[in-house]
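What follows is each chain in one-letter form.
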Amino acid sequence: MQTLFIYLLVRKSIERIVSVFKMKVTIDNITIDVPAGTTILNAARMIGGDVTPPAMCYYSKLKDSGGKCRTCLVEVSKGSEKDPRPMPKLVASCRTTVMDGMEVKNMTSEKALDMRRGIVEMLLINHPLDCPVCDQAGECDLQNLSYEHGTEKTRYEFQRRTFEKEDIGPYIQLHMTRCILCYRCVYTADQLTNKREHGVLERGDHAEISTLLGKSLDNEFIGNVIDVCPVGALTDKTFRFKNRVWFTKPVDAHRDCPTCSGKARLWLRGDEVFRVTARKDQWGEVEDWICNDCRFHKKETKDWVIEGPSHIDRRSVIAQGHYDGNVGTAKQQILIDKVIGKQPRLLLHIHDVSDVNKPDVDLSKIEGPAHSDDFEQKKLL
């Protein structure tokens, strides 16, 4: 007993020292100090903006998630201050922890962008082009990823794989043809519920999400697999084909629920509640898990206390026509910081990128107007 107490005391002291120790990491020429043990992806999220790599399988609230989709690959141009050698291959930022003095390239790396285009092409090999009828359209991570890094046509000439429709319960619809095998729903059911009835069956190109012996997903928290799914593989049957998300108005609401926190997001059109989901942060991850009763059964405004409009990223199609505050009554303040954003999209060393600005060239000594030949051919004394 005494040995166990000493072990726990030493372990707690080590964890406290590690949490205090900071490491310096540079991502796309932006330097930030992060605690030891932080992954490159989380360090990039602390910076925000285009510096952050996309993630289709990583979920910060799910243990052991990440490393499946490979969309977050980045180039490490400098390993650390002690070992400045670059890493020989692109690494998954969700699985790689930072080292002191590490330098990472994401949007400034042509290797990472080219690999990301290849990953998107691979994800779309079997994914059906049914966005016009998919309920995930407008809030689909794969849609956004293909728009930013995909190509307009495919080189794949073979038949896409298809699956038979499978009934997995009264509230959740499974579309296995859309699944990208991110394992998020499996981790959610395994870590959030008391038992798990579904998982990944078979291997390789035969792998699929399915239930064991035709069982249904009926756990009281199983509806959260809909929120964590990045594509339209798992959708809400109570919302199926009823409306488009950009026609609805998202509002934050809460209720006194004995099972969960009761904090949810209502999707309204007029006074009608079309669907109920968990609240999500800027990275699309659930803030508080909600139960099936709140999600599927409380579909009237009288069941909730509405707090106000949800804050949605302005780049999202859902945010079109939706504003925080009193719509139509509050005067919108126009400032240049709000127009262009307070944070720069990328910070580049212009002297490393362009040869136009040469410190040894004096423009006042050039005869006549300056042009490109003066910088490429003439050498002024």
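Keep in mind that this is a model prediction, so the values were computed, not measured. Here the residue numbers are simple positions, counted from 1 along each chain's written sequence. Given that the model is predicted, a residue must reach a pLDDT of at least 70 before its local features are reported, and side-chain atom pairs must reach 80 or more before they are shown or counted; all residues, however, enter totals for whole chains, interfaces and linings. With hydrogens and water set aside, each side-chain value is computed from the structure's full complement of heavy atoms.

### Considering empty space enclosed by the protein
Rolling a probe over the atoms, with the probe sized like a water molecule, indicates the empty space that remains.
And step 1. Only protein atoms enter the calculation, which uses a 1 Å grid: trapped sets of points that fit a 1.4 Å probe without letting it out are cavities, open sets showing protein on both sides within 12 Å along at least five of seven lines are pockets, and any residue with an atom within 4 Å of a point is a lining residue. Grid points are joined across faces, edges and corners, and a volume is the space filled by probe spheres set on the points. Evaluated as defined, the whole model comprises 3 cavities of 30 Å³ or more.
And step 2. In this structure, the largest cavity spans a volume of roughly 90 Å³.
And step 3. Tallied by class, the residues present in the lining of the largest cavity amount to 13 nonpolar, no polar and 1 charged. Residue polarity is assigned by list, with Asp, Glu, Lys and Arg as charged and Ala, Val, Leu, Ile, Met, Phe, Trp, Tyr, Cys and Pro as nonpolar; anything else, Gly included, falls into the polar class.

### Looking at the side chain of T71
And step 1. The numbering of helices and of strands both runs from the N terminus, where a helix is a DSSP run of H or I of at least 4 residues and a strand a run of E of at least 2. Along the chain, T71 turns up in the loop between α2 (40–47) and β3 (73–78).
And step 2. Throughout this description, a polar contact denotes any pair of N or O atoms lying within 3.5 Å of each other; where both atoms belong to protein, one of them has to be capable of donating a hydrogen while the other can accept it, and for residues adjacent in sequence the pair is counted only when both atoms sit in side chains. Only 3.4 Å separates the side chain of T71 from the backbone oxygen of P54, close enough to count as a polar contact.
And step 3. Beyond its immediate chain neighbours, meaning those up to four positions away, T71 contacts P54, A55, M56, R116, I119, L123 and L145. We call two residues in contact whenever any of their non-hydrogen atoms come within 4.5 Å of each other.

### Some points on the packing of aromatic side chains
Centre-to-centre distance and the angle between the planes together describe a pair of aromatic rings.
And step 1. Aromatic pairing here means that ring centres of Phe, Tyr or Trp (its six-membered ring) are within 6.5 Å. Orientation follows from the plane angle: under 30 degrees is stacked, over 60 is edge-to-face, and everything else is tilted. Inspection of the entire model under this criterion finds 5 aromatic pairs.
And step 2. Between the aromatic rings of Y156 and F158, the centroid separation amounts to 5.6 Å while the plane-to-plane angle is 65°, which identifies the pairing as edge-to-face.
And step 3. Whether a charge lies above a ring is judged from NZ of Lys or CZ of Arg, which has to be within 6 Å of the ring centre and within 35 degrees of the ring normal. Taking the ring centre of W304 as reference, the NZ or CZ of R255 above it sits at 5.8 Å.
And step 4. Positioned over the ring face of W267 is R275, at 4.4 Å from the centre of the ring.

### Thoughts on the sheet that holds strand β13 (residues 305–309)
And step 1. When DSSP finds two or more bridges between two strands, those strands count as paired. As summarised here, the arrangement of the 4 strands in space is β12-β11-β10-β13, forming an open sheet in which the pairing is antiparallel. This sheet does not close on itself; its edge strands, each paired only once, are β12 (272–277) and β13. Averaged over neighbouring strand pairs, the angle between their axes works out to 35° when direction is ignored.
And step 2. Note: strand β11 (residues 263–269) against β12, 5 bridges, orientation antiparallel. In the strand pairing of β12, L266 is matched with V276. Angles here are taken between N-to-C directions and fall from 0 to 180 degrees, while the axes themselves are lines fitted to C-alpha atoms, restricted in helices to the stretch in contact.

### Regarding the packing of helix α3 (residues 110–123) against helix α4 (residues 141–149)
And step 1. Running from N to C, α3 and α4 cross one another at 130°; their axes reach a closest spacing of 10 Å. Considering the angle they form, α3 stands oblique to α4. Crossing handedness for the pair α3 and α4: left-handed. Listed contacts from α4 to L113, R116, R117, V120 and L123 of α3 are L142, L145, S146 and H149. By the definition adopted for this analysis, an angle is roughly parallel if under 35 degrees, roughly antiparallel if over 145, roughly perpendicular if from 65 to 115, and oblique otherwise. By the definition used in this description, the sense in which the near helix is turned from the far one sets the handedness, with an anticlockwise turn below a right angle giving left-handed and a clockwise turn giving right-handed.

Distances and angles like these do not, on their own, reveal function.
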